[in-house]
Amino acid sequence: METRKIGKIKEDISLLGFGCMRFPLNADGTINEEESSRMLDYAIENGVTYLDTAYPYHGGESENFVGRYIKKHKRENLQVVTKLPIYYVESKEDVEKYFNEQLEKMQVEYFDFYLIHALNAERWERVKKYEVLEYFEEMKNIGKIKYLGFSFHDKYPVFDEIIRGYAWDFCQIQYNYMDTEFQQGEKGYLQAEELGIPIVIMEPIRGGQLANLPEDINSLFKAHKPEISAASWALRWTAKPNTLTVLSGMTTMEQVVDNVNTFKNFNQLDEKETAIVTKVAEEIRARRKNLCTRCDYCMPCPAGVNIPRNFNVWNEAAMYREEENMKKTFKAMQEQGSFADKCIECGKCEPLCPQNIKIIDDLKEISKLI
């Protein structure tokens, strides 16, 4: 298994990390522990060391299961990773409460990697208000945490403030060949690299979308290397020099085997392969219905329409051939009162759109889809 050691991280980390939020399930929705254990066994036997979970995964049961599971292995051979649910924190005392609860749930004395989960502008203010970093500095000093980082879900200016706001050991971002302009995007990846902060990648396959491409687009990959999966191409694209590990939330043994093979026999994308991925991304984007970038300048809508959300669902369905999922989402939005059919054609949004989208006309098109 390819390993990395970057910046402040002084131990070898497997380039493939096991994301523990998509374990296979039993009929009642609980974790299928037998199959999940079999998958984890295979991954670890083949060199995976980084196990990433979080407080809310699997309704709070992922930490419990992973804690029981790691008792089978030598603690020093694994990196056990979880995250503070900052979205639940309402006081300084909550920080300590959740941290101690997680230590107990996972039956460990310390965490190798610990993150403040899903930071955005509002949650960063909580971090400052409740002196979260000061508490975790103390936990590092007494050996309860080896490396402290954050995961991120907001726009680049917020990322810039957070990453400069503390001497982080690492950070975790959503990053894949389709999301180079989403959230912190490529700009944030490069900034972290410049600051010497290694990156953990989440959503490298975009929740499975980049593993299940329309056949005509996937044929661009197959023409070059027919034996390599679309998922493998996506994973390799993210494994750039400042990437510490690439997380994959695996649900089947087939996915585990394929991903392990990618990183056991790892080859950085060469110039020709990078060009192929770029071409695939261009072909996918060419299927968009409009050029909405989700900048939110058109919001709020006086009628309650979530304009960027409508366009995002519409575009994604066109790019990835997900019409059924689109219809389900639009029906749910209709029930919530945020669907396109609520548009009153007031025209306030269109002058604000930097892309000059004919918003009213496109909302009319969307409203016909359910």
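The coordinates are above.
Here is what the cut-offs are and how they apply
- Residues numbered from 1 in each chain as written.
- Predicted model: local features only at pLDDT ≥ 70, side-chain atom pairs only at ≥ 80, totals over all residues.
- Heavy atoms only, no water.
- Salt bridge = Lys/Arg side-chain N within 4 Å of Asp/Glu carboxyl O.
- Helix = DSSP H or I, 4+ residues; strand = E, 2+ residues; numbered from the N terminus.
- Buried < 20%, exposed > 50% of the residue type's maximum accessible area, 1.4 Å probe, protein only.
- 1 Å grid on protein atoms, 1.4 Å probe; cavity = no way out; pocket = protein on both sides within 12 Å on 5 of 7 lines; lining within 4 Å.
- Points joined across faces, edges and corners; volume = space filled by probe spheres on them.
- Pairing = 2+ DSSP bridges.
- Right-handed = clockwise from strand over helix to strand, strands pointing away.

*Asks:* Before we move on, could you go through the pattern of salt bridges and cite the residues and values that matter?
*Replies:* Under the criterion given, the structure shown has 29 salt bridges. A salt bridge links Lys5 to Asp12; the shortest N-O distance between them is 3.8 Å. Its salt-bridge partner being Arg287, residue Asp216 comes within 2.2 Å of it at the nearest N-O pair. Here Asp216 is found in helix 8 (residues 215-222), whereas its partner Arg287 is found in the loop between helix 11 (271-285) and helix 12 (307-320), with 71 residues between them in sequence. For Asp216, a relative accessible area of 45% gives the class partly exposed. Looking at Arg287, the relative accessible area reads 18%, which means it is buried. Via salt bridges that share partners, Glu11, Arg75, Asp112 and Lys146 belong to a single interconnected network.

*Asks:* So, empty space enclosed by the protein: which residues are in play, and what are the values?
*Replies:* Applying the stated criterion to the full structure yields one cavity of 30 Å³ or more. Of the volumes computed, that of the largest cavity is approximately 100 Å³. Lining the largest cavity are 15 residues; nearest its centre among them are Cys292, Cys295, Cys298, Cys353 and Ile357.

*Asks:* Account for the pairing of strand 6 (residues 111-119), naming residues and giving values.
*Replies:* In terms of residue burial, strand 6 counts as a mostly covered element, since nine of its nine residues are buried. Sheet analysis places strand 5 (residues 79-84) next to strand 6, joined by four bridges and oriented parallel. Following the sheet pairing, Leu84 is matched in strand 6 by Ile116. The β-α-β motif built from strand 5, the intervening helix 3 (residues 92-106) and the parallel element strand 6 has right-handed crossover chirality. Of the pairings in the sheet, the one linking strand 6 to strand 7 (residues 145-152) comprises six bridges and is parallel in character. When the bridges of strand 7 are listed, Phe111 appears paired with Ile145.

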